[in-house]
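Each chain, written out:
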Amino acid sequence: MPLGRRRKAAPLMGQEQEEEAEAGPGAGAGAGERWLGAAAGPGPAGGSAPTPGPGPRPLRPRLAFHTQLAHGSATGRVEGFTNVRELYTKLGLALGLPPAEIIFCTLNTHKVDMDKLLGGQIGLEDFIFAHVKGQKKEVEIFKSEDALGLTITDNGAGYAFIKRIKEGSLIDRMQVVKVGDLIETINGQNVIGSRHFEVAKLLKSLVKGQLFTLRLVEPLKAFDMISQRSKVGKSASSGQVGTGRGTLRLRAKGIATVEDEPSAFEEKAIEKVDDLLENYMGIRDTELATTMVDLGKNRRNPDEFAQALDEELGDFAFPDEFVFDVWGAIGDAKAGR
(Lines give C-alpha, C1' and ligand atoms only; values in the text may rest on other atoms or scores of the structure.)
Protein backbone atom coordinates (compact mmCIF):
# COMPACT_ATOMS: atom_id res chain seq x y z
CA MET A 1 0.00 0.00 0.00
CA PRO A 2 1.34 3.49 -0.74
CA LEU A 3 2.58 5.56 2.17
CA GLY A 4 -0.02 7.20 4.34
CA ARG A 5 -2.93 5.63 6.16
CA ARG A 6 -6.26 5.41 4.44
CA ARG A 7 -8.83 7.08 6.65
CA LYS A 8 -12.42 5.95 6.94
CA ALA A 9 -14.48 7.07 3.97
CA ALA A 10 -17.15 9.71 4.43
CA PRO A 11 -20.63 9.14 3.02
CA LEU A 12 -20.50 9.21 -0.75
CA MET A 13 -23.98 10.48 -1.57
CA GLY A 14 -24.17 14.26 -1.54
CA GLN A 15 -27.35 15.61 0.08
CA GLU A 16 -26.99 18.97 -1.61
CA GLN A 17 -30.75 19.74 -1.50
CA GLU A 18 -31.36 18.57 2.06
CA GLU A 19 -32.20 21.91 3.71
CA GLU A 20 -34.51 22.98 0.92
CA ALA A 21 -36.34 19.67 0.94
CA GLU A 22 -37.05 19.89 4.64
CA ALA A 23 -38.26 23.49 4.54
CA GLY A 24 -42.02 23.48 4.03
CA PRO A 25 -44.84 25.82 5.04
CA GLY A 26 -44.37 27.22 8.50
CA ALA A 27 -40.61 26.74 8.50
CA GLY A 28 -39.94 30.48 8.31
CA ALA A 29 -40.78 33.17 5.79
CA GLY A 30 -37.85 32.57 3.48
CA ALA A 31 -38.31 28.82 3.42
CA GLY A 32 -42.06 29.07 3.01
CA GLU A 33 -41.77 31.48 0.10
CA ARG A 34 -39.20 29.28 -1.59
CA TRP A 35 -41.43 26.20 -1.22
CA LEU A 36 -44.66 27.91 -2.25
CA GLY A 37 -43.21 30.03 -5.01
CA ALA A 38 -44.82 33.22 -6.30
CA ALA A 39 -47.95 31.49 -7.51
CA ALA A 40 -49.84 31.55 -4.21
CA GLY A 41 -53.53 32.22 -4.68
CA PRO A 42 -55.94 34.05 -2.37
CA GLY A 43 -55.98 33.12 1.30
CA PRO A 44 -58.83 31.45 3.19
CA ALA A 45 -60.85 34.69 3.10
CA GLY A 46 -61.02 34.39 -0.69
CA GLY A 47 -62.42 30.90 -0.43
CA SER A 48 -59.44 28.99 -1.79
CA ALA A 49 -56.28 27.51 -0.38
CA PRO A 50 -52.82 28.69 -1.39
CA THR A 51 -51.64 27.20 -4.65
CA PRO A 52 -48.37 25.35 -4.01
CA GLY A 53 -45.41 25.98 -6.29
CA PRO A 54 -43.41 23.23 -7.90
CA GLY A 55 -41.85 22.26 -4.58
CA PRO A 56 -38.22 21.36 -3.86
CA ARG A 57 -36.01 19.70 -6.40
CA PRO A 58 -35.41 16.00 -5.72
CA LEU A 59 -32.13 14.79 -4.26
CA ARG A 60 -29.54 13.99 -6.89
CA PRO A 61 -26.82 11.37 -6.53
CA ARG A 62 -23.31 12.81 -6.54
CA LEU A 63 -20.62 10.27 -7.29
CA ALA A 64 -17.39 10.41 -5.31
CA PHE A 65 -14.12 8.55 -5.71
CA HIS A 66 -11.19 8.05 -3.36
CA THR A 67 -7.70 9.04 -4.43
CA GLN A 68 -4.06 8.98 -3.36
CA LEU A 69 -0.76 10.10 -4.82
CA ALA A 70 0.86 7.08 -6.46
CA HIS A 71 4.11 7.57 -4.52
CA GLY A 72 2.22 7.75 -1.23
CA SER A 73 -0.14 10.14 0.57
CA ALA A 74 -3.22 10.35 2.74
CA THR A 75 -6.48 9.48 1.03
CA GLY A 76 -8.56 12.25 -0.49
CA ARG A 77 -11.95 12.31 -2.14
CA VAL A 78 -13.06 13.82 -5.47
CA GLU A 79 -16.58 14.54 -6.62
CA GLY A 80 -18.60 17.01 -8.65
CA PHE A 81 -16.60 16.84 -11.89
CA THR A 82 -18.15 16.51 -15.35
CA ASN A 83 -15.09 16.03 -17.61
CA VAL A 84 -11.43 15.07 -17.51
CA ARG A 85 -10.06 18.58 -16.96
CA GLU A 86 -12.41 19.15 -14.05
CA LEU A 87 -11.37 15.79 -12.60
CA TYR A 88 -7.70 16.84 -12.63
CA THR A 89 -8.60 20.14 -10.96
CA LYS A 90 -10.51 18.27 -8.25
CA LEU A 91 -7.62 15.83 -7.80
CA GLY A 92 -5.24 18.74 -7.26
CA LEU A 93 -7.52 20.22 -4.60
CA ALA A 94 -8.00 16.86 -2.86
CA LEU A 95 -4.28 16.04 -2.85
CA GLY A 96 -2.97 19.53 -2.12
CA LEU A 97 -0.98 20.24 -5.26
CA PRO A 98 -1.37 22.15 -8.54
CA PRO A 99 -3.32 20.10 -11.11
CA ALA A 100 -0.50 20.74 -13.62
CA GLU A 101 1.76 18.51 -11.52
CA ILE A 102 -0.34 15.41 -12.39
CA ILE A 103 0.86 13.57 -15.51
CA PHE A 104 -1.71 10.76 -15.54
CA CYS A 105 -3.79 8.55 -13.27
CA THR A 106 -4.12 4.79 -12.84
CA LEU A 107 -7.05 2.87 -11.40
CA ASN A 108 -6.65 0.52 -8.43
CA THR A 109 -2.85 0.39 -8.56
CA HIS A 110 -0.10 2.86 -7.66
CA LYS A 111 2.22 1.33 -10.26
CA VAL A 112 2.95 2.77 -13.71
CA ASP A 113 0.68 0.20 -15.34
CA MET A 114 -0.63 1.38 -18.70
CA ASP A 115 -3.26 -1.38 -18.68
CA LYS A 116 -4.82 0.36 -15.66
CA LEU A 117 -4.61 3.86 -17.08
CA LEU A 118 -7.53 6.18 -16.39
CA GLY A 119 -9.03 6.81 -19.79
CA GLY A 120 -12.56 7.59 -20.88
CA GLN A 121 -14.27 5.49 -18.20
CA ILE A 122 -14.03 5.03 -14.44
CA GLY A 123 -15.67 2.08 -12.73
CA LEU A 124 -18.02 3.22 -9.98
CA GLU A 125 -15.88 1.46 -7.36
CA ASP A 126 -12.45 2.39 -8.75
CA PHE A 127 -9.72 4.00 -6.63
CA ILE A 128 -7.74 6.73 -8.41
CA PHE A 129 -3.95 7.02 -8.07
CA ALA A 130 -2.38 10.25 -9.35
CA HIS A 131 1.13 10.09 -10.82
CA VAL A 132 2.94 13.42 -10.52
CA LYS A 133 6.01 14.95 -12.10
CA GLY A 134 9.36 13.62 -10.96
CA GLN A 135 12.82 13.87 -12.48
CA LYS A 136 13.33 15.91 -15.65
CA LYS A 137 15.68 14.60 -18.33
CA GLU A 138 16.87 15.59 -21.78
CA VAL A 139 17.80 12.88 -24.24
CA GLU A 140 19.65 13.22 -27.55
CA ILE A 141 18.86 10.40 -29.99
CA PHE A 142 20.21 9.54 -33.41
CA LYS A 143 17.34 8.37 -35.60
CA SER A 144 18.92 5.38 -37.30
CA GLU A 145 15.59 3.69 -38.16
CA ASP A 146 12.31 4.79 -39.71
CA ALA A 147 10.24 3.85 -36.65
CA LEU A 148 11.10 4.90 -33.10
CA GLY A 149 8.93 2.22 -31.48
CA LEU A 150 6.87 4.64 -29.39
CA THR A 151 3.13 4.63 -28.75
CA ILE A 152 1.78 7.93 -27.43
CA THR A 153 -1.35 8.70 -25.44
CA ASP A 154 -2.52 11.74 -23.49
CA ASN A 155 -4.32 12.46 -20.26
CA GLY A 156 -7.09 14.55 -21.83
CA ALA A 157 -5.86 17.61 -19.94
CA GLY A 158 -2.91 18.74 -22.06
CA TYR A 159 -0.14 16.18 -21.42
CA ALA A 160 1.05 13.61 -23.98
CA PHE A 161 3.17 10.78 -22.61
CA ILE A 162 4.68 7.44 -23.60
CA LYS A 163 2.28 4.54 -23.23
CA ARG A 164 4.25 1.78 -24.88
CA ILE A 165 7.79 1.10 -26.13
CA LYS A 166 8.13 -1.65 -28.71
CA GLU A 167 10.55 -4.36 -27.63
CA GLY A 168 13.83 -4.26 -29.55
CA SER A 169 13.08 -0.83 -31.04
CA LEU A 170 15.40 2.16 -31.21
CA ILE A 171 13.88 3.74 -28.09
CA ASP A 172 13.84 0.40 -26.26
CA ARG A 173 17.63 0.29 -26.56
CA MET A 174 17.86 3.65 -24.78
CA GLN A 175 17.36 2.75 -21.16
CA VAL A 176 16.77 6.34 -20.04
CA VAL A 177 13.41 6.66 -21.86
CA LYS A 178 10.59 4.99 -19.92
CA VAL A 179 6.89 4.20 -20.22
CA GLY A 180 4.98 6.97 -18.46
CA ASP A 181 7.43 9.74 -19.37
CA LEU A 182 5.76 13.06 -20.14
CA ILE A 183 6.95 14.61 -23.41
CA GLU A 184 7.61 18.34 -22.88
CA THR A 185 9.54 19.27 -26.01
CA ILE A 186 10.71 17.71 -29.29
CA ASN A 187 13.76 19.44 -30.76
CA GLY A 188 12.95 22.45 -28.61
CA GLN A 189 9.30 22.63 -29.74
CA ASN A 190 6.96 22.75 -26.78
CA VAL A 191 4.22 20.13 -27.10
CA ILE A 192 2.46 20.77 -23.79
CA GLY A 193 -1.21 21.20 -24.65
CA SER A 194 -0.95 19.11 -27.82
CA ARG A 195 -3.05 16.01 -28.40
CA HIS A 196 -1.44 12.58 -28.68
CA PHE A 197 -1.95 12.32 -32.44
CA GLU A 198 -0.22 15.68 -32.96
CA VAL A 199 2.80 14.57 -30.92
CA ALA A 200 2.92 11.19 -32.71
CA LYS A 201 2.80 12.95 -36.09
CA LEU A 202 5.67 15.23 -35.08
CA LEU A 203 7.78 12.25 -33.96
CA LYS A 204 7.10 10.44 -37.23
CA SER A 205 8.21 13.51 -39.20
CA LEU A 206 11.70 13.48 -37.67
CA VAL A 207 14.30 12.92 -40.38
CA LYS A 208 16.10 9.59 -40.46
CA GLY A 209 19.87 9.89 -40.13
CA GLN A 210 19.75 12.96 -37.90
CA LEU A 211 19.94 13.70 -34.20
CA PHE A 212 16.88 14.90 -32.30
CA THR A 213 16.30 15.88 -28.69
CA LEU A 214 13.47 14.97 -26.31
CA ARG A 215 12.86 16.74 -23.03
CA LEU A 216 10.96 14.39 -20.75
CA VAL A 217 9.60 14.26 -17.21
CA GLU A 218 9.26 10.86 -15.57
CA PRO A 219 6.54 10.17 -13.00
CA LEU A 220 7.61 10.19 -9.37
CA LYS A 221 7.94 6.57 -8.30
CA ALA A 222 6.87 4.85 -5.10
CA PHE A 223 9.41 2.80 -3.14
CA ASP A 224 9.95 -0.63 -4.61
CA MET A 225 8.99 -2.36 -1.35
CA ILE A 226 5.49 -0.88 -1.41
CA SER A 227 3.19 -3.58 -2.68
CA GLN A 228 0.27 -3.05 -5.03
CA ARG A 229 -3.07 -2.50 -3.37
CA SER A 230 -4.93 -5.79 -3.70
CA LYS A 231 -8.33 -4.59 -2.57
CA VAL A 232 -10.03 -1.24 -2.43
CA GLY A 233 -13.12 -0.16 -0.61
CA LYS A 234 -16.32 1.06 -2.17
CA SER A 235 -15.97 4.54 -3.57
CA ALA A 236 -19.37 5.29 -5.04
CA SER A 237 -22.89 5.38 -3.75
CA SER A 238 -24.46 1.95 -3.75
CA GLY A 239 -27.92 3.29 -2.98
CA GLN A 240 -28.47 5.21 -6.19
CA VAL A 241 -26.28 3.68 -8.87
CA GLY A 242 -27.36 0.07 -8.74
CA THR A 243 -25.02 -2.88 -8.49
CA GLY A 244 -21.74 -1.01 -8.98
CA ARG A 245 -21.20 -2.59 -12.40
CA GLY A 246 -21.67 0.72 -14.17
CA THR A 247 -18.97 3.14 -15.26
CA LEU A 248 -18.60 6.90 -15.29
CA ARG A 249 -17.98 7.86 -18.93
CA LEU A 250 -15.72 10.88 -19.35
CA ARG A 251 -15.76 12.73 -22.65
CA ALA A 252 -13.46 15.28 -24.23
CA LYS A 253 -16.61 17.12 -25.32
CA GLY A 254 -19.75 17.11 -23.20
CA ILE A 255 -20.41 16.07 -19.62
CA ALA A 256 -19.74 12.80 -17.84
CA THR A 257 -22.54 10.21 -17.69
CA VAL A 258 -23.09 7.02 -15.74
CA GLU A 259 -23.50 4.12 -18.14
CA ASP A 260 -23.67 0.34 -18.06
CA GLU A 261 -20.42 -1.51 -18.52
CA PRO A 262 -19.60 -2.18 -22.19
CA SER A 263 -21.02 -5.42 -23.59
CA ALA A 264 -18.71 -8.23 -24.71
CA PHE A 265 -19.13 -7.04 -28.31
CA GLU A 266 -18.29 -3.45 -27.39
CA GLU A 267 -15.23 -4.47 -25.38
CA LYS A 268 -13.89 -6.52 -28.29
CA ALA A 269 -14.65 -3.76 -30.80
CA ILE A 270 -12.98 -1.09 -28.63
CA GLU A 271 -9.86 -3.22 -28.30
CA LYS A 272 -9.72 -3.81 -32.07
CA VAL A 273 -10.15 -0.09 -32.83
CA ASP A 274 -7.53 0.88 -30.24
CA ASP A 275 -5.10 -1.53 -31.92
CA LEU A 276 -5.83 0.13 -35.28
CA LEU A 277 -5.18 3.57 -33.77
CA GLU A 278 -1.78 2.35 -32.64
CA ASN A 279 -0.94 0.76 -36.00
CA TYR A 280 -2.02 3.74 -38.11
CA MET A 281 -1.31 6.73 -35.87
CA GLY A 282 1.06 5.59 -33.12
CA ILE A 283 -1.44 6.37 -30.36
CA ARG A 284 -3.64 4.46 -27.95
CA ASP A 285 -6.82 6.08 -26.65
CA THR A 286 -9.68 3.98 -25.26
CA GLU A 287 -11.97 7.01 -25.02
CA LEU A 288 -11.45 7.77 -28.71
CA ALA A 289 -11.88 4.08 -29.61
CA THR A 290 -15.09 3.93 -27.55
CA THR A 291 -16.47 7.00 -29.31
CA MET A 292 -15.70 5.47 -32.72
CA VAL A 293 -17.43 2.22 -31.78
CA ASP A 294 -20.46 4.18 -30.53
CA LEU A 295 -20.59 6.05 -33.84
CA GLY A 296 -20.29 2.90 -35.94
CA LYS A 297 -22.18 0.12 -34.20
CA ASN A 298 -25.62 1.16 -35.49
CA ARG A 299 -24.61 2.51 -38.92
CA ARG A 300 -25.85 0.68 -41.99
CA ASN A 301 -22.80 1.10 -44.22
CA PRO A 302 -19.26 2.55 -44.31
CA ASP A 303 -20.41 5.81 -45.94
CA GLU A 304 -22.76 6.58 -43.04
CA PHE A 305 -19.98 5.72 -40.60
CA ALA A 306 -17.47 7.96 -42.41
CA GLN A 307 -19.93 10.86 -42.35
CA ALA A 308 -20.52 10.38 -38.60
CA LEU A 309 -16.76 10.39 -37.98
CA ASP A 310 -16.33 13.60 -39.99
CA GLU A 311 -19.07 15.31 -38.01
CA GLU A 312 -17.87 14.20 -34.58
CA LEU A 313 -14.10 13.71 -35.01
CA GLY A 314 -13.23 15.79 -38.04
CA ASP A 315 -10.09 17.22 -36.40
CA PHE A 316 -8.37 13.85 -36.75
CA ALA A 317 -8.74 13.77 -40.57
CA PHE A 318 -8.78 9.97 -40.63
CA PRO A 319 -7.70 8.48 -44.01
CA ASP A 320 -10.28 6.43 -45.91
CA GLU A 321 -8.27 3.23 -45.55
CA PHE A 322 -8.25 3.59 -41.78
CA VAL A 323 -12.00 4.31 -41.64
CA PHE A 324 -12.72 1.24 -43.74
CA ASP A 325 -10.56 -0.94 -41.46
CA VAL A 326 -12.34 0.42 -38.36
CA TRP A 327 -15.71 -0.36 -39.96
CA GLY A 328 -14.48 -3.90 -40.63
CA ALA A 329 -13.19 -4.29 -37.07
CA ILE A 330 -16.58 -3.29 -35.63
CA GLY A 331 -18.29 -5.75 -37.98
CA ASP A 332 -15.88 -8.53 -36.98
CA ALA A 333 -16.59 -7.86 -33.30
CA LYS A 334 -20.34 -8.04 -33.95
CA ALA A 335 -19.83 -11.40 -35.64
CA GLY A 336 -17.77 -12.68 -32.71
CA ARG A 337 -14.51 -12.77 -34.66
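Residues numbered from 1 in each chain as written. Predicted model: local features only at pLDDT ≥ 70, side-chain atom pairs only at ≥ 80, totals over all residues. Heavy atoms only, no water.

1. Some thoughts on the packing of helix α7 (residues 302-313) against helix α8 (residues 320-334)
Remark: α7 packs on α8, axes separated minimally by 10 Å, with the N-to-C direction vectors making an angle of 115°. Comparing the axis directions of α7 and α8 gives the class roughly perpendicular. In the packing of α7 onto α8, the handedness of the crossing is right-handed. Counted together, Pro-302, Phe-305, Ala-306 and Leu-309 of α7 and Val-323, Phe-324, Val-326, Trp-327 and Ile-330 of α8 form the full contact between these two elements. Looking at the contact of α7 with α8, its residues break down into nine nonpolar, no polar and no charged. (Axes fitted to C-alpha atoms, helices over the stretch in contact; angles between N-to-C directions. Helix = DSSP H or I, 4+ residues; strand = E, 2+ residues; numbered from the N terminus. Parallel < 35°, antiparallel > 145°, perpendicular 65-115°, else oblique. Left-handed = near helix turned anticlockwise from the far one by under 90°. Contact = heavy atoms within 4.5 Å. Nonpolar A, V, L, I, M, F, W, Y, C, P; charged D, E, K, R; others polar.)

2. Structural notes on unusual backbone geometry
The phi angle at Asn-187 is positive, at roughly 50°, despite the residue not being glycine. Relative accessible area serves as the criterion here: at 43%, Asn-187 is assigned to the partly exposed category. In this structure, Ala-317 takes a positive phi of about 50° despite not being glycine. Here Ala-317 shows up in the loop between α7 and α8. (Buried < 20%, exposed > 50% of the residue type's maximum accessible area, 1.4 Å probe, protein only.)

3. So, the pairing of strand β6 (residues 150-154)
Along β6, five of the five residues are buried, which leaves the element largely enclosed by surrounding structure. Where burial is concerned, the two faces of β6 agree: the one with Leu-150, Ile-152 and Asp-154 and the one with Thr-151 and Thr-153 are both buried. Here β6 folds back onto strand β7 (residues 160-165) in antiparallel fashion, the turn holding five residues, of which Gly-156 has a positive phi close to 80°. (Pairing = 2+ DSSP bridges.)

4. Regarding the nonpolar core
The biggest cluster of nonpolar side chains holds 46 residues, and the ones touching the most others in it are Ile-152, Ile-183, Leu-203, Leu-277, Met-292 and Phe-318. The contact partners of Leu-277, leaving out residues within four places of it in the chain, are Gly-282, Ile-283, Asp-285, Leu-288, Ala-289, Met-292, Phe-318 and Phe-322. Within the second largest apolar cluster, 31 residues are counted, among which are Leu-69, Phe-81, Leu-117 and Leu-248. (Core = buried A, V, L, I, M, F, W, Y, C linked by side-chain atoms within 4.5 Å.)

5. Topic: the layout of surface pockets
Approximately 430 Å³ is the volume found for the second largest pocket. What lines the second largest pocket is a set of 22 residues, and nearest its centre among them are Ala-147, Leu-148, Gly-149, Leu-150 and Gly-282. At the level of secondary structure, the elements contributing two or more residues to the lining of the second largest pocket comprise β6, β7, α4 (196-204) and α5 (264-281). Looking at the lining of the second largest pocket, the element that brings in the most residues is α5, giving four residues. Looking at the lining of the second largest pocket residue by residue, the classes come out as ten nonpolar, five polar and seven charged. (1 Å grid on protein atoms, 1.4 Å probe; cavity = no way out; pocket = protein on both sides within 12 Å on 5 of 7 lines; lining within 4 Å. Points joined across faces, edges and corners; volume = space filled by probe spheres on them.)

6. Details of the packing of aromatic side chains
Evaluated as defined, the whole model comprises eight aromatic pairs. Taking 5.9 Å as the distance between ring centres and 35° as the angle between the ring planes, the aromatic pair formed by Phe-305 and Trp-327 counts as tilted. Taken as a pair, Phe-305 in helix α7 and Trp-327 in helix α8 lie far apart in primary sequence, 22 residues in all. Their ring planes at 40° and their centres at 5.0 Å tell us that Phe-318 and Phe-322 sit as a pair that is tilted. Per residue, the accessibility class of Phe-318 equals that of Phe-322, and both read buried. These aromatic residues form a ring-pair network of at least three members: Phe-197, Tyr-280, Phe-316, Phe-318 and Phe-322. (Phe/Tyr/Trp six-rings, centres within 6.5 Å; stacked < 30°, edge-to-face > 60°.)

7. Points about a negative patch on the surface
Taken together, the side chains of Asp-310, Glu-311, Glu-312 and Asp-320 present a region of like negative charge at the surface. Here the negative patch takes three residues from α7, the largest share from any one element. Inspection of the secondary structure puts Glu-312 in helix α7. (Patch = residues over 30% accessible without salt bridge, like charges linked within 9 Å, V, L, I, M, F, W, Y side chains within 5 Å. Areas by Shrake-Rupley, 256 points an atom, 1.4 Å probe, with all protein chains shown as cover. Salt bridge = Lys/Arg side-chain N within 4 Å of Asp/Glu carboxyl O. Lys, Arg positive; Asp, Glu negative; His and termini not counted. Charge placed at Lys NZ, Arg CZ, Asp CG, Glu CD.)

8. Thoughts on the pattern of salt bridges
On inspection of all chains with the given rule, the structure shows 17 salt bridges. The salt bridge involving Asp-154 is made with Arg-195; its shortest N-O contact spans 2.7 Å. A residue pair is termed long-range when its members are at least 10 positions apart, and Asp-154 in strand β6 and Arg-195 in the loop between β9 (189-190) and α4 qualify at 41 residues. With a closest N to O distance of 3.0 Å, Arg-284 and Asp-275 form a salt bridge. On the basis of relative accessible area, Asp-275 is assigned to the partly exposed category, the value being 31%. Through salt bridges with shared partners, a single network forms among Arg-164, Asp-274, Asp-275, Glu-278 and Arg-284.

9. Focus on the confidence of the model for the protein
Across the protein, pLDDT averages 78, with 73% of residues at or above 70. Of the regions scoring below 50 in pLDDT, residues 224-244 engages in 48 contacts with residues more than four places distant in sequence or in other chains. (pLDDT = per-residue confidence, 0-100.)

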